[in-house]
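Working through the structure, step by step
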Number of protein chains: 6
Amino acid sequence: MFKLLFLLAILMLSSDGAVQDFCVADLKAPESPSGYSCKSVTNVTVDDFVFSGLSAAGNTASIIKAAVTPAFAAQFPGLNGLGLSAARLDLAPGGVIPFHTHPGASEILLVVQGSITAGFVSSANSVYLKTLKKGDLMVFPQGLLHFQVSDAGYTSVGYVFFSSSNPGLQITDFALFANDLPTKLVGATTFLDEATIKKLKGVLGGTN
Amino acid sequence: MFKLLFLLAILMLSSDGAVQDFCVADLKAPESPSGYSCKSVTNVTVDDFVFSGLSAAGNTASIIKAAVTPAFAAQFPGLNGLGLSAARLDLAPGGVIPFHTHPGASEILLVVQGSITAGFVSSANSVYLKTLKKGDLMVFPQGLLHFQVSDAGYTSVGYVFFSSSNPGLQITDFALFANDLPTKLVGATTFLDEATIKKLKGVLGGTN
Amino acid sequence: MFKLLFLLAILMLSSDGAVQDFCVADLKAPESPSGYSCKSVTNVTVDDFVFSGLSAAGNTASIIKAAVTPAFAAQFPGLNGLGLSAARLDLAPGGVIPFHTHPGASEILLVVQGSITAGFVSSANSVYLKTLKKGDLMVFPQGLLHFQVSDAGYTSVGYVFFSSSNPGLQITDFALFANDLPTKLVGATTFLDEATIKKLKGVLGGTN
Amino acid sequence: MFKLLFLLAILMLSSDGAVQDFCVADLKAPESPSGYSCKSVTNVTVDDFVFSGLSAAGNTASIIKAAVTPAFAAQFPGLNGLGLSAARLDLAPGGVIPFHTHPGASEILLVVQGSITAGFVSSANSVYLKTLKKGDLMVFPQGLLHFQVSDAGYTSVGYVFFSSSNPGLQITDFALFANDLPTKLVGATTFLDEATIKKLKGVLGGTN
Amino acid sequence: MFKLLFLLAILMLSSDGAVQDFCVADLKAPESPSGYSCKSVTNVTVDDFVFSGLSAAGNTASIIKAAVTPAFAAQFPGLNGLGLSAARLDLAPGGVIPFHTHPGASEILLVVQGSITAGFVSSANSVYLKTLKKGDLMVFPQGLLHFQVSDAGYTSVGYVFFSSSNPGLQITDFALFANDLPTKLVGATTFLDEATIKKLKGVLGGTN
Amino acid sequence: MFKLLFLLAILMLSSDGAVQDFCVADLKAPESPSGYSCKSVTNVTVDDFVFSGLSAAGNTASIIKAAVTPAFAAQFPGLNGLGLSAARLDLAPGGVIPFHTHPGASEILLVVQGSITAGFVSSANSVYLKTLKKGDLMVFPQGLLHFQVSDAGYTSVGYVFFSSSNPGLQITDFALFANDLPTKLVGATTFLDEATIKKLKGVLGGTN
């Protein structure tokens, strides 16, 4: 027994300082292209690897009757650098997650309640469209436009998982109508008429 | 309008054949280190991107009172090359997913029913242990030993998601006791006594 | 000299078969998530690494007064697996490359003639907009919506380079209006009114 | 000659500051998911790229009659970010490197003295087992359980090389028996009886 | 409209802090193996993504009658982490970019003026050589020796693009003759005679 | 026991077909940018993971008094896709591995016999030079020019390990003088005089 303890000391000592199985995000230190800086291992606890922020429903009292609650590295620091993140989708009947992309990740949707019609469009402009029930999975390849809609009569809940701890989220309507991109330029680059653009800018808070 | 259609033709034509947003697995063609060969895009349908095999509970009528149902690229070909996969965990009260690793991926667990105590051990030999409720997420960093146990009185269900379309799964007990690795060698490399090894080999079907 | 030749034989022999500096695409063999299969090295010539298809101007006689000519791995097989590709942009005065994304790559634009106003929108919905002259470079981070417009009075030419041999190209208007996605679903997921959608579907060849 | 020196000045100047061929670890600066921060190039010397710590035998006077001496980025800072690291294995006759994994790397073993029986177990539960002599190489794929044993009568020495500058090291026995994971939980997740667990916890310094 | 604005607030808020579509280099903060630290997004402007430093010709008044002007992450911080960079080549008639490699990237050359003969040599020692005209592209696979020469009578200009934001640049002659590597060692490792080495060391400023 | 066997069946069955921990090279099937196609797992044996080809000394009876014996994926198929390979260096007294690069990998050298002076040159043109004894390690960052010389009076042996299963090998002298690159072009791109080039071409078997 004495000898084995001795061995233990040797082996553990020898690997001391060499261990970085994970890199819990220190949100206040410098970021790099590979993600956030790592919190010191001595300050890491199991709570860095657990996130309860998706257990409650998001507020669907909006015109889209839906909410997205993210668990990316910024919310869930234990994910940093591990190539995974998550979000919760809540959709009231008829609720919609509008057309959007994740610039840096593919996505899997798991339907846990209700009925969701989801679709994506490929670079070749093919539409992949399906109505999903509880327990179904659907995958959305990286960077492609996709959406989710709760079917009539269903309050739906889904969880989505991404192939990056920081997948990004770009909602097409927000990118086009909720900032200061000049109306004329939006028109030229989308073929939409100015009246339509101005109306949506008005609704979404865009200017110019 | 004529001119725009003309443009469409030009743009679509020019990108013809250059499009590979995804690589749905052709399970019968050669594999490479990056995954399965791709099915021809012309044969791809939305059903390649949808998987319903996790909607039903696995059979927990075993000594571990638990079941794991995978949705890796081999079961869900649309995942191939996208850096994501999934599995469903069913645990009867007291059910156990024994200590295991995924050699090629990190994992997120989402608890959708019951109460699960989960843990992992780091290279530095620290234990990260937590009891999770419905809606909780826990992340298990790549390659580390971890387990999930359903708490007493709870029938639990979880979904796990991986940072690879082919994460692998190595259950420690199976690796040690369910194959033809000689008892003497198992003993030498685990410090377990031969009686214990032989008993577990008997239970798990190992030989030698 | 005899000895050196002898050495040469040894060293060259020893590395025989171990050489794969590149993987020129064999467009007819299976694809994998990492790209096309490799053409046999014995059939590779310098012409596999040279592409002249971007030396001529694209046809800008369309409503967008612009053309995109790609040099992706499908057109330029020597690029396969090397993490690079290219395209040529031709824009008549007022010509427009409409809002689009590249799902799998970042992009650098080099303006070689004229004056181009280019912009992209970030996930945080900030607009980055600039008028570029001959010799200017602009970078568009991976997966983000961006566009290029030739300024009034200028016939402009640009070359774009991508961080993938197969970057993909998704033009937002085509994804929304040039396929069979039902008008109602487009409306629900974009907030556009049905009349606008139907008009653009008409122009771009969409149905439903 | 004047002109060539002039050229030299231009070319060297132009690339000034752009050079980062390596990233020698600054062990006191923030870490990121990609590794340690880089020491300033002006402070880098050849000694950052040389490591003599594996030239002496490790102490094998323990119950496993073996020692592992690592040369990971923490010990050998020049490796940081280069996707390589090393360790030395010393085994007295009958010495054992117990079952373990490297969560983040594949491994090559080079036997430089003696006779080593090594093996690994795949996810499919196949055993790959071989007795190796001086000069033999064996590869252990990423994350899989493996071990090395010195054959009777041989004092053996091996060097192992990893596909990461920080491969991690998880010795199964230590993960199970050398920490505070409750005996009951170890039993539930390994099928081992409590007496066996308590005995090994006693030997290896585990509690609970 | 009120409700939609409400939604906007929810969605934008929820993703607050999770956004890192890019990582503009902060040249004064720590570097990591993945690149420079990121400048705070609040300080990023479009000018970080635009670079005009390649619009003017480099000075070709040197013995090689050529100049290379880089736009790597150190010069063009918006490229950091995006897997792309660029450089401009100016060659007077007969100008030469001597044999060199980029240790960390493949390269595409675009000829925009003149006539350039370019070539690379593979690991198998095959020569790939071609004379390129305006508008031609040529790709040089990662790490291989290559060169570019302006053909007689042509003032040539090219732009090169790399598959890394920090490709590195190693000019063979400089590595051999423009530093303090002892003449004897250069001779032993190149088969060149000492007189030749000393002459080139003299021209290029090497010592020893 | 019955139940446990039942469990085993379930778990093993469920992961059937999903297992690809490794990808042993099938040298006759198509290659992809990620490496060779995988041999069927049913045909894989432990001998695919073991290589004895480096146990014998290479023939140093040549003018460089040295030999390199590779164990890349083409020689050692089990390495395919695992990000590792190896080679053996044999050097008679005064033997030389001439200046060379590995386009696709970093390298660690382990000296197992004798005394080796090794060096590399960085992009910044700094020389990193060291005399190494038995047991010393030295790392050569990816793509940089480096060499190894056996010190006077020593017969030396080293093993090198690479961060790729297919690192490539480009010996500068062979690239310049052992192929059909025209003498005039070699002169223009290296500053060497024609007599020197022709002499080395003669020795190394180059033409033109």
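Parameters at a glance
- Residues numbered from 1 in each chain as written.
- Chains lettered and ligands numbered in written order.
- Predicted model: local features only at pLDDT ≥ 70, side-chain atom pairs only at ≥ 80, totals over all residues.
- Heavy atoms only, no water.
- Helix = DSSP H or I, 4+ residues; strand = E, 2+ residues; numbered from the N terminus.
- Rg over C-alpha atoms; globule rule 2.2 N^0.38 Å.
- Buried < 20%, exposed > 50% of the residue type's maximum accessible area, 1.4 Å probe, protein only.
- Contact = heavy atoms within 4.5 Å.
- Least-squares fit on C-alpha atoms with pLDDT ≥ 70 in both.
- pLDDT = per-residue confidence, 0-100.
- Disulfide = S-S within 2.5 Å.
- Pairing = 2+ DSSP bridges.
- Axes fitted to C-alpha atoms, helices over the stretch in contact; angles between N-to-C directions.
- Phe/Tyr/Trp six-rings, centres within 6.5 Å; stacked < 30°, edge-to-face > 60°.

The subject of this paragraph is the overall build of chain A. Within chain A, the regular secondary structure consists of 4 helices and 13 strands. Computed over its C-alpha atoms, the radius of gyration of chain A comes to 22 Å, more than 25% above the 17 Å expected for a compact globule of 208 residues. In terms of overall dimensions, chain A has C-alpha extents of about 80 × 40 × 35 Å along its principal axes. Taken over 208 residues, chain A has a buried fraction of 66%.

Moving on: the side chain of His100 of chain D. Summarising the element assignment, His100 of chain D is placed in strand β6 (residues 96–101). With residues up to four places along the chain from it excluded, the contact list for His100 of chain D reads Glu107, Leu144, Leu145, His146, Gln148, Leu169, Gln170, Ile171 and Thr172 of chain D.

Mapping between the two copies of the chain is achieved by a rotation about an axis and a shift along the axis. In screw terms, the move from chain A to chain B is a rotation of 180° and a rise of 0.0 Å along the axis, fitting with an RMSD of 0.0 Å. Expressed as a symmetry operation, the mapping of one chain copy onto the other fits a two-fold axis. Of the C-alpha atoms belonging to chain A, the one lying closest to the rotation axis is found on Ser163 of chain A, 2.9 Å away. Both copies contact each other with a shared surface, as 100% of the interface residues of chain A are interface residues in chain B too.

For residues with low pLDDT, the predicted coordinates do not support detailed interpretation. All names here are of chain A. Averaged over every residue, the pLDDT of chain A is 91; residues scoring 70 or more account for 91%. Every residue in residues 1–19 scores below 50 in pLDDT, and together they form 42 contacts with partners more than four places removed in sequence or on other chains. With a pTM of 0.94, the predicted complex shows an ipTM of 0.91.

What follows deals with the state of the cysteines. Residues and elements named next belong to chain B. Inspection of every chain in the model, using the stated rule, returns 6 disulfides over all chains. Each sulfur in the disulfide pair Cys23 and Cys38 lies 2.1 Å from the other. For the disulfide bridge between Cys23 and Cys38, the dihedral angle about the S-S bond is near -100°, and by the sign convention the bridge is left-handed. Of this pair, Cys23 sits in the loop between α1 (2–14) and β1 (31–32) while Cys38 sits in the loop between β2 (35–36) and β3 (50–51); the two residues are 15 residues apart in sequence, bridging distant segments of the chain. Across the pair, Cys38 and Cys23 agree in class, each one buried.

One open sheet holds the 5 strands; their spatial order is β9-β8-β11-β6-β13 (chain E), and the pairing between them is antiparallel. Every other strand in the sheet has two partners, leaving β9 (127–133) and β13 (170–171) of chain E as the edge strands with one partner each. In this sheet, β13 of chain E lies alongside strand β6 (residues 96–101) of chain E in antiparallel orientation, the contact comprising 2 bridges. Paired with His100 of chain E across the strands is Ile171 of chain E, a residue of β13 of chain E. Contacting β6, β9 and β11 (146–150) of chain E, helix α3 (residues 183–190) of chain F runs over the sheet at an angle of about 85° to β6 of chain E.

This brings us to the packing of aromatic side chains. Enumeration over the complete set of coordinates arrives at 63 aromatic pairs over all chains. Aromatic side chains Phe49 of chain C and Tyr128 of chain E sit 5.3 Å apart centroid to centroid with 75° between the ring planes, which places their arrangement in the edge-to-face category. Residue Phe49 of chain C is located in the loop between β2 (35–36) and β3 (50–51), and its partner Tyr128 of chain E is located in strand β9; the two belong to separate chains. By the burial criterion, Phe49 of chain C is buried, and Tyr128 of chain E matches it. Residues Phe120 of chain E and Tyr128 of chain E carry aromatic rings whose centres are separated by 4.9 Å and whose planes lie at 20° to one another, so their mutual orientation is stacked. Taking relative accessible area as the criterion, Phe120 of chain E reaches 1% and is therefore assigned buried. Take Tyr128 of chain E: its relative accessible area is 5%, and that puts it in the buried class. An aromatic cluster of at least three residues, connected via ring pairs, comprises Phe22 and Phe49 of chain A together with Phe120, Tyr128 and Phe140 of chain B.

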